[in-house]
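So the chains spell out like this:
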Amino acid sequence: MPVSGSNSANSGLFGIPANLSPDLLHAMASMEEGDEIVLADSFFPVSSVCTQYGPKAISASTSGIPDLLASILKLFPIRNHPSTLEALQSGRWIRSSPVYMMYSFENDSKPHLSNMIWRQYQTVLDGFGISGESVTKICREDFLGKARTAYAVVTTKDTFYGCLILKKGRLHSARDVPHTHSSAVVSF
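Overview of the structure. Because the structure is predicted, anything quoted here is derived from the model rather than measured.

What counts as what
- Residues numbered from 1 in each chain as written.
- Predicted model: local features only at pLDDT ≥ 70, side-chain atom pairs only at ≥ 80, totals over all residues.
- Heavy atoms only, no water.
- Salt bridge = Lys/Arg side-chain N within 4 Å of Asp/Glu carboxyl O.
- Helix = DSSP H or I, 4+ residues; strand = E, 2+ residues; numbered from the N terminus.
- Buried < 20%, exposed > 50% of the residue type's maximum accessible area, 1.4 Å probe, protein only.
- Pairing = 2+ DSSP bridges.
- Axes fitted to C-alpha atoms, helices over the stretch in contact; angles between N-to-C directions.
- Phe/Tyr/Trp six-rings, centres within 6.5 Å; stacked < 30°, edge-to-face > 60°.
- Core = buried A, V, L, I, M, F, W, Y, C linked by side-chain atoms within 4.5 Å.
- Contact = heavy atoms within 4.5 Å.
- Parallel < 35°, antiparallel > 145°, perpendicular 65-115°, else oblique.
- Left-handed = near helix turned anticlockwise from the far one by under 90°.
- Nonpolar A, V, L, I, M, F, W, Y, C, P; charged D, E, K, R; others polar.

**Description of the pattern of salt bridges**
Now for step 1: Counting across every chain of the model gives 3 salt bridges.
Now for step 2: Here Glu36 and Lys146 are joined by a salt bridge, their closest N and O atoms 3.2 Å apart. Taken together, the positions of Glu36 in strand E1 (residues 36-40) and Lys146 in helix H5 (residues 140-147) put the pair 110 residues apart, joining distant regions of the chain. Across the pair, Lys146 and Glu36 agree in class, each one buried.

**Let's talk about the sheet that holds strand E6 (residues 135-138)**
Now for step 1: With mixed pairing, the 6 strands of this open sheet are ordered in space as E2-E7-E1-E8-E5-E6. Taken across any chain shown, the strands that pair with only one partner, and hence form the sheet edges, are strand E2 (56-60) and E6. Neighbouring strand axes in the sheet, compared pairwise and without regard to direction, differ in orientation by 20° on average.
Now for step 2: Pairing of E1 with strand E8 (residues 164-167) involves 4 bridges; the strand directions are antiparallel. Bridging across to E8, Ile37 finds its partner in Leu166.

**Observations concerning the packing of aromatic side chains**
Now for step 1: Overall, the coordinates contain 1 aromatic pair when judged by the stated rule.
Now for step 2: Both rings, one in Phe44 and one in Phe143, keep their centres 6.3 Å apart while their planes meet at 80°; by these two values the pair is edge-to-face. With Phe44 in the loop between E1 and helix H2 (46-49) and Phe143 in helix H5, this pair connects stretches of sequence that are 99 residues apart.
Now for step 3: Of the residues examined, Phe143 reaches a relative accessible area of 0% and is grouped as buried.

**Side note on H5**
Now for step 1: Counting buried positions over the 8 residues of H5 gives 6, a clear majority of the element.
Now for step 2: Asp142, Phe143, Leu144, Gly145, Lys146 and Ala147 are the residues of H5 that are buried.

**With respect to the nonpolar core**
Now for step 1: Core analysis: the biggest nonpolar cluster contains 32 residues, and Leu24, Ile37, Leu39, Leu69, Ile72 and Leu166 have the highest contact counts within it.
Now for step 2: Elements with a minimum of two residues in this core: helix H1 (22-30), E1, E2, helix H3 (65-75), strand E5 (99-102), helix H4 (111-127), strand E7 (152-156) and E8.
Now for step 3: Beyond its immediate stretch of four places on either side in the chain, Leu39 contacts Ile65, Leu68, Leu69, Ile72, Val154, Cys163, Leu164 and Leu166.
Now for step 4: Within the second largest apolar cluster, 18 residues are counted, among which are Phe44, Tyr100, Cys163 and Ile165.

**Quick look at the packing of H1 against H3**
Now for step 1: Contact pair H1 / H3: the axes reach a minimum separation of 11 Å and the direction vectors enclose 45°. With respect to H3, the element H1 is oriented oblique. Both H1 and H3 take part in a crossing whose hand is right-handed. Side by side, H1 and H3 meet where Leu24, Leu25 and Met28 of the first sit next to Leu68, Ile72 and Leu75 of the second.
Now for step 2: Class assignment of the residues belonging to the contact of H1 with H3 gives a composition of 6 nonpolar, no polar and no charged.

Written out as structure tokens, the structure is:
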């Protein structure tokens with residue numbers, strides 16, 4: 001995955017992955033602890049979820065979710081608090097989670113693809129210390145309900161069935177910032 005340098009036309013900053021657009025960087029920096037961001041495949045119903053009073057729609061149409069996830073996690077703290085319970089649109093109660101994955105329909109004709117995609121996501125998450133126990137898989141109806149309350153929905157080029165929600169944590173100090181060239185923490 002390319003990382004932009006000082007001569008990059010994308011950001012002009014060291015250490016900022018080139019696939020993170022200015023709009024996405026601004027959204028990530030503007031989010032508060034506990035806000036959620038959706039990484040969506042190209043089949044996600046953006047128009048019906050991102051309404052006038054809903055989440056912001058951000059295009060990352062040149063990136064796939066696994067690469068975008070890795071780039072985001074370099075800069076984005078994931079919430080790591082003890083689980084609480086939350087109600088879903090379906091009326092079910094589940095434990096609150098720092099990462100949600102939408103699982104496919106029971107009659108999905110290609111479940112092996114979903115499993116392959118989830119393994120790709122988990123490999124990326126493992127690289128940032130986010131275990132499979134921190135990931136909650138929820139059905140499409142509940143996922144769309146959560147997406148409607150997210151801060152932003154990021155659409156990607158992926159054409160498979162696999163969307164994620166990440167819950168933002170907070171930085172406690174400059175030590176919490178991964179892969180920096182200095183100890184300074186910059187706010188937008």
